[in-house]
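# Architecture at a glance
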Amino acid sequence: MYQWRKFEFFEEKSSGKCSIPDEVSGKIECCSSGRGRIVVGCDDGTVNLLDRGLKFIYGFQAHVSSVLFLQQLKQRNFLVTIGEDEQTSPQLSPICLKVFDLDKTQPEDSSTSSPDCVQILRIFTNQFPEAKITSFLVVEEAPPILLISIGLDNGSIYCIKGDIARERISRFKLHVEHISDKSQSSITGLGFRVDGPALQLFAVTPCSVSLFSLQEQPPKHQTLDNIGCALSCVTMSDRSELVLGRPEAVYFYEADGRGPCWAFEGEKKFLGWFRGYLLCVIADQRNGKVTFNIYDLKNRLIAQSLVVREVSHLLCEWGSIILIMTDKTALCIGEKDMESKLDMLFKKNLYTVAINLVQSQQADAAATAEVLRKYGDHLYGKQDYDEAMAQYIHTIGHLEPSYVIQKFLDAQRIYNLTHYLEKLHEKGLASKDHTTLLLNCYTKLKDVEKLNVFIKSEEGIGEHKFDVETAIRVCRAAGYHEHAMYVAKKAGKHEWYLKILLEDLGSFQEALQYISSLEPSQAGATVKEYGKILVEHRPVETIEILMRLCTEEEESAKQGTSNNTLVSMLPSPVDFLNIFIHHPLSLMSFLEKYISKVKDSPAQVEIHNTLLELYLSYDLNFPSISQENTAGDSNLRARSAKEVVSISKVKSRERLIAEDKDVDKDKDHIERLEKGLQLLKRAWPSNLEHPLYDVDLAIILCEMNAFKEGLLFLYEKMKLYKEVIACYMQAHDHEGLIACCKKLGGSNKGGDPSLWGDLLKYFGELGEDCSKEVKEVLTYIERDDILPPIIVLQTLSRNPCLSLSVVKDYIARKLEQESKLIEEDRRSIEKYQEETSVMRKEIYDLRTNARIFQLSKCTACTFTLDLPAVHFMCMHSFHQRCLGDNEKECPECAPEYRSVLEMKRSLEQNAKDQDRFFNQVKNSKDGFSVVAEYFGKGVISKTTIGPSDTQTSGVAPSSGGL
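Residues numbered from 1 in each chain as written. Predicted model: local features only at pLDDT ≥ 70, side-chain atom pairs only at ≥ 80, totals over all residues. Heavy atoms only, no water.

### Re the pairing of strand β24 (residues 267–274)
- Along β24, 6 of the 8 residues are buried, which leaves the element largely enclosed by surrounding structure.
- For β24 and strand β25 (residues 277–283), the ladder comprises 7 bridges, and the chain directions are antiparallel. Bridge assignment links F274 to a residue of β25, and that residue is Y277.
- With antiparallel pairing between neighbouring strands as the criterion, β24 and β25 make up a hairpin whose turn holds 2 residues, including R275 at a positive phi of roughly 50°. (Buried < 20%, exposed > 50% of the residue type's maximum accessible area, 1.4 Å probe, protein only. Helix = DSSP H or I, 4+ residues; strand = E, 2+ residues; numbered from the N terminus. Pairing = 2+ DSSP bridges.)

### What about the sheet that holds β25?
- Pairing is mixed across the open sheet formed by 5 strands, whose spatial order is β1-β27-β26-β25-β24. The sheet is open, and its two edges are formed by β1 (5–6) and β24, each paired on a single side.

### Looking at the packing of helix α22 (residues 695–704) against helix α23 (residues 708–717)
- In the contact formed by α22 and α23, the axes pass within 8 Å of each other and the chain directions differ by 150°. Taken as axis vectors, α22 and α23 run roughly antiparallel relative to one another. The two elements α22 and α23 meet at a crossing, and its hand is left-handed. For the pair formed by α22 and α23, the contact residues are A698, I699, C702 and E703 on the first element and G710, L711, L714 and Y715 on the second.
- Looking at the contact of α22 with α23 residue by residue, the class counts come to 6 nonpolar, 1 polar and 1 charged. (Axes fitted to C-alpha atoms, helices over the stretch in contact; angles between N-to-C directions. Parallel < 35°, antiparallel > 145°, perpendicular 65-115°, else oblique. Left-handed = near helix turned anticlockwise from the far one by under 90°. Contact = heavy atoms within 4.5 Å. Nonpolar A, V, L, I, M, F, W, Y, C, P; charged D, E, K, R; others polar.)

### Quick look at helix α5 (residues 401–410)
- Among all positions of α5, only P401, V404, I405, K407 and F408 are buried. Buried positions in α5, seen along its axis, are confined to an arc of 160° and lie on one side of it.
- Elements in contact with the buried residues of α5: α3 (365–381), α4 (385–394), α6 (414–426) and α7 (432–445).
- Trailing α5 by a residue or two, Q412 shows a phi angle of about 55°, which is positive. (Arc of directions from axis to C-beta.)

### Some points on the sheet that holds strand β18 (residues 208–213)
- A sheet is described by the order of its strands in space; here 4 strands give the open sequence β16-β17-β18-β19, paired in antiparallel fashion. Of all strands in the sheet, those bounded by a partner on one side alone are β16 (189–195) and β19 (220–225). Strand-to-strand, the axes of this sheet are offset by a mean angle of 25°, without reference to chain direction.
- Sheet analysis places β18 next to β19, joined by 5 bridges and oriented antiparallel. Across the sheet, residue V209 finds its bridge partner in β19, namely D225.

### Here we look at unusual backbone geometry
- Here the residue pair Q217 and P218 is connected by a cis peptide bond, since its omega of -10° sits within 30 degrees of zero.
- Here P218 shows up in the loop between β18 and β19.
- Going from L867 to P868, the amide bond is cis rather than trans, its omega being -5°.
- In this fold, P868 is placed in the loop between α29 (805–848) and β31 (869–871).
- Even without a glycine there, the phi angle at N349 is positive, about 60°.
- Along the chain, N349 falls in the loop between α1 (338–347) and α2 (351–360).
- Here N349 falls in the partly exposed class, since its relative accessible area comes to 42%.
- The phi angle at Q383 is positive, at roughly 60°, despite the residue not being glycine.
- Along the chain, Q383 turns up in the loop between α3 and α4.
- Residue Q383 is classed as exposed on the basis of its relative accessible area of 58%.

Structure (structure tokens):
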């Protein structure tokens, strides 16, 4: 043991000049510490309390004579003492036990105060005969329960348990094995051990160590050893071990027997325990010196060794060790801080001791790591790289990894660096750069076995202790494609797996198989990213995968959902258009298969638009119009169809050439045009108001690609008949023009008769001989009386190639027809003139001549007319009683008169409605006849109607009076 290293981890406080104050006048018999003070019992029966600097607080007379034992409780501010009091009778022992409540003190004078004595107990009774007390110990159970053990020189232990202050106690006696020699049976030490609910009591004699299990009734006795120790050489460690000091060694005991033994030579005077340190006061018989040693048993070192005078008491309080000498001097020893101890060790290069020290004293991990770092730096400086790395590995999690990595990169110790990086990954503290560096180390070392262990040793998805993408990238760059693919597949990084297959290995078939094995959502995402390469090399297989993704072939059976619901959940073909950017034929095949299988896709409008672009494109370029128009010209589709047509005409006018009739058209183009026309018709059935494609886009596509059949269908469906005939006019298809007008110009079929006028205008501006066509057009114009003859002549007069013979017969018929109408109008005029003159004569006669009423019967009741009677100017007569209150008008003529007035009022009201008048003029075949009708009815004969006009006109208002 003398080979243990000695250090000065403790230091004397107060410069070694501490002493017991003079107020403590008696001889110190016992001491106790706790609750921030030291309690001293003297042979004069006084108890004195000392503070941190061993200064006197106060003292009081606890017993009449000597204070033998005392103990300061930890949980409550109570003091338990054993001392000698006055002997009141010969039968009663003067030894008694007292309990003082130190919180309840009563001042006696200016200098002292005495606490309340809450209980006094006689230790010895008839059942508990008197003997010399050799040891004393109190353990606090659940307050206020105390367990007091009193060891005697006869090998007995008296125990008192309960609430001592209220004297609710129970007493029992324990015995160690009976020994004939009384000096060997004395109880030299006691120690309590609490093990969960179990309470055990160690009892030591000079020749034995016993253990009592107090939870059992009666308490169970067990002899642990047949050696013992003297007084003051018993203590308890912080792990509830009993520690015995004998001249040859220090022994440790647990509940099951003797434990470790430490051979410290010398007579043990005092034994103590402080913060994991063993305290020993040892008397060396050879030189007569007394040494105080502090042992660090875990690290096998002597933390402090001092030569002291004769010690009477050993205490621990305030984080210090207090030695009280027989001459009442004191020595206070405190532990140095960890930093000072470590500096001391570092100066001596005792790094292993420093490491053991910080670990044994449960220092924080950062402090431990700092010691390990310094030790590693020390070994690194000695070029002991392996050992240095072993220390650096222990610092992982506290020391910045770059500190270690930089050192070993400079030293070119790639093996050590690899080991460090592996440990860094095992603890999950590696960054992307660390993963990159470790994999680079493996690849430079060509250590495929370690690379396999690093990549493939972990089980389960998502349990990698490294950055997955970094590992894939490094393995891929180094040519370890298999490892990169393994990591990607295990981590679910499908995009990386496919990138390696397609870009590095060119395994297109394997890539397709891998995509097929993925979940639909994952498969769709990977196809979007790598579909261009797959379509280029495996178009058929790629389209099959897309069909499975976008249709319900397999999903409907699995999910059992309806088609409509399922289609809305599936990805749309529009999402995959970009992968066919350079392969329009494959795109056309994919979309055709899709629409043949899915009839009600939510994206059918976009699909039909894309197919139309493919069908109508001459050289089958990838469709771009729909995308450009959607993104860059979004306002175009918001316009009306006529505006779109006009814009498209302007844009495509220069492109329209005679390629319509080019017999050398490519066969494939012709087939696609046929498909395009079928798509236009199929996607716009008669029962739908709007088609399943964008009409404006379809018109632009047909215009740009000069697809006349498509334009004609669209214009006709949109009822843009003028645009229909404009297509024929543009193509100079006269026969088609006339046939179209026959089909669309009949008003009885919902057509537009004005088309014939447009057709006539076209022939009038044509500038070539088209007599045959004009004659046929005039036939329909004449039949439906669409245009006046003067308009026809003016229109056709612009064509210099037409002769008068073209319109000769038409004009002759029209003149004859007009002559007949004129003759009929002349006869009507004469008739109306005669009727007017008769009416004027009758009015004059009514105004100038008297009327003779000769009716003899009442017009109403046909009875003989008698007075009183009423006669009207219309020659009707009535009884006055038959008229009732209506004597102002003739009942027979009044209805006719009212209808005339109502008609006049309606005409006057219509005269004020200018919009109606102009609409009738505009929509009528002969607007002049409408104007003439209004004049004839007298509706617009005057601009204003007022009182002045009525007076100056000379026309008296008509009256229906008598």
